[in-house]
Amino acid sequence: MVIGEAPGAEEDRQGKPFVGKSGQLLDNILGSVGFAEEDVYITNIVKRRPPNNRTPLKWEILAYKPWIAEEIRLVDPHVIMLVGRVSAQTVLRSICSPDARLPISQSRGRWYEHEGKWLIPVFHPSYLLRNPQKTPGSPKALTWQDIQSVRSKMNQYTEST
């Protein structure tokens, strides 16, 4: 399962998360380790685009909290990728993690276990589009490490079931 922040303009128009340039990059990232589109449920914390593409406000996040909780319950994923700062901080706050206030640059790549589900914050694809370098330690290089870790965690799960 992938949980993003909020829809962009194109996502809001189509009513589907991650369909713009960020979505294309996310598809490529997931595909690079063998995840097919039909294997991954993708959603957002907030279901409607905030005005002027601003960061969702606390009340907007809280309004959709029951919705995202129900999506997680229904999908029942083994691994959840928290894509971007808002997604990571919102979900980590909901599980009372002391890391909920950390910037995404510090929480990304760390695994959190909650109720049998594994959570991992990762950089948002839009951030990667704005920071395209692939040098060691760059956001793209770190994301490559993170997605390989996700693949490894899923392999462990499938081998144990």
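Summarised in this report is the structure supplied together with it.

Comments concerning the packing of aromatic side chains
Here the structure, examined in full by the defined rule, presents 3 aromatic pairs. Residues phenylalanine 123 and tyrosine 127 carry aromatic rings whose centres are separated by 5.1 Å and whose planes lie at 35 degrees to one another, so their mutual orientation is tilted. Between lysine 153 and the ring centre of tryptophan 111, over which it is positioned, the NZ or CZ distance is 5.0 Å.

A look at helix α7 (residues 139-160)
Here α7 contains 22 residues, and its C-alpha end-to-end distance of 31 Å stays within 8% of the 32 Å for a straight helix at 1.5 Å per residue. Taken together, the buried positions of α7 are occupied by Pro139, Ala141, Leu142, Thr143, Asp146, Ile147, Val150, Lys153 and Met154.

Focus: empty space enclosed by the protein
All told, the structure shown has 1 cavity of 30 Å³ or more when counted by the stated rule. The computed volume of the largest cavity comes to approximately 40 Å³. Contributing to the lining of the largest cavity are Leu26, Ile29, Met81, Val122, Phe123, Pro125, Thr143, Asp146 and Ile147. In terms of residue count, the dominant contributor to the lining of the largest cavity is α7 (3 residues).

Some details on the nonpolar core
If you look at the biggest cluster of nonpolar residues, it comprises 41 residues, and the most contacted ones within it are Val2, Ile3, Leu30, Met81 and Leu82. When residues of this core are traced back to their parent elements, those giving at least two are β1 (2-4), α2 (21-31), α3 (58-75), β3 (79-83), α4 (85-94), β5 (117-122) and α7. For this core, the leading source of residues is β3, giving 5 residues. Once residues within four sequence positions are removed from consideration, valine 2 is found in contact with Leu26, Leu30, Val40, Tyr41, Ile42, Thr43, Met81 and Val83.

Re the pairing of β3
A regular strand places its side chains on the two faces of the sheet in alternate fashion. Counting buried residues along β3, 5 of its 5 residues qualify, which places the element largely inside the surrounding structure. Here β3 shows no split at all, with Val79, Met81 and Val83 on one side and Ile80 and Leu82 on the other all buried. Inspection of the sheet shows β1 paired to β3 by 2 bridges, in the parallel sense. Bridge assignment links isoleucine 3 to a residue of β3, and that residue is leucine 82. Relative to β5, β3 runs parallel, the two being bridged by 5 bridges. When the sheet's bridge partners are listed, methionine 81 is paired in β5 with isoleucine 120.

Some points on the pairing of β5
Counting buried positions along β5 gives 5 out of 6 residues, so the element sits mostly inside the fold. Where strand β4 (residues 112-114) lies against β5, 3 bridges are found, and the strand directions are antiparallel. By the bridge assignment for β5, glutamate 113 is matched with tryptophan 118. Two successive antiparallel strands, β4 and β5, enclose a turn made up of 2 residues, where glutamate 115 displays a positive phi of approximately 50 degrees.

A closer look at the pattern of salt bridges
Per the stated rule, a full pass over the model turns up 9 salt bridges. A salt bridge links arginine 73 to glutamate 70, with the nearest nitrogen and oxygen atoms 2.7 Å apart. With a gap of 3 residues between them, arginine 73 and glutamate 70 both fall in helix α3, about one helical turn apart. Since its relative accessible area comes to 53%, arginine 73 is described here as exposed. Judged by its relative accessible area of 34%, glutamate 70 falls in the partly exposed class.

What counts and what doesn't
- Residues numbered from 1 in each chain as written.
- Predicted model: local features only at pLDDT ≥ 70, side-chain atom pairs only at ≥ 80, totals over all residues.
- Heavy atoms only, no water.
- Phe/Tyr/Trp six-rings, centres within 6.5 Å; stacked < 30°, edge-to-face > 60°.
- Lys NZ or Arg CZ within 6 Å of the ring centre and 35° of its normal.
- Helix = DSSP H or I, 4+ residues; strand = E, 2+ residues; numbered from the N terminus.
- Expected span 1.5 Å × (residues − 1).
- Buried < 20%, exposed > 50% of the residue type's maximum accessible area, 1.4 Å probe, protein only.
- 1 Å grid on protein atoms, 1.4 Å probe; cavity = no way out; pocket = protein on both sides within 12 Å on 5 of 7 lines; lining within 4 Å.
- Points joined across faces, edges and corners; volume = space filled by probe spheres on them.
- Core = buried A, V, L, I, M, F, W, Y, C linked by side-chain atoms within 4.5 Å.
- Contact = heavy atoms within 4.5 Å.
- Pairing = 2+ DSSP bridges.
- Salt bridge = Lys/Arg side-chain N within 4 Å of Asp/Glu carboxyl O.

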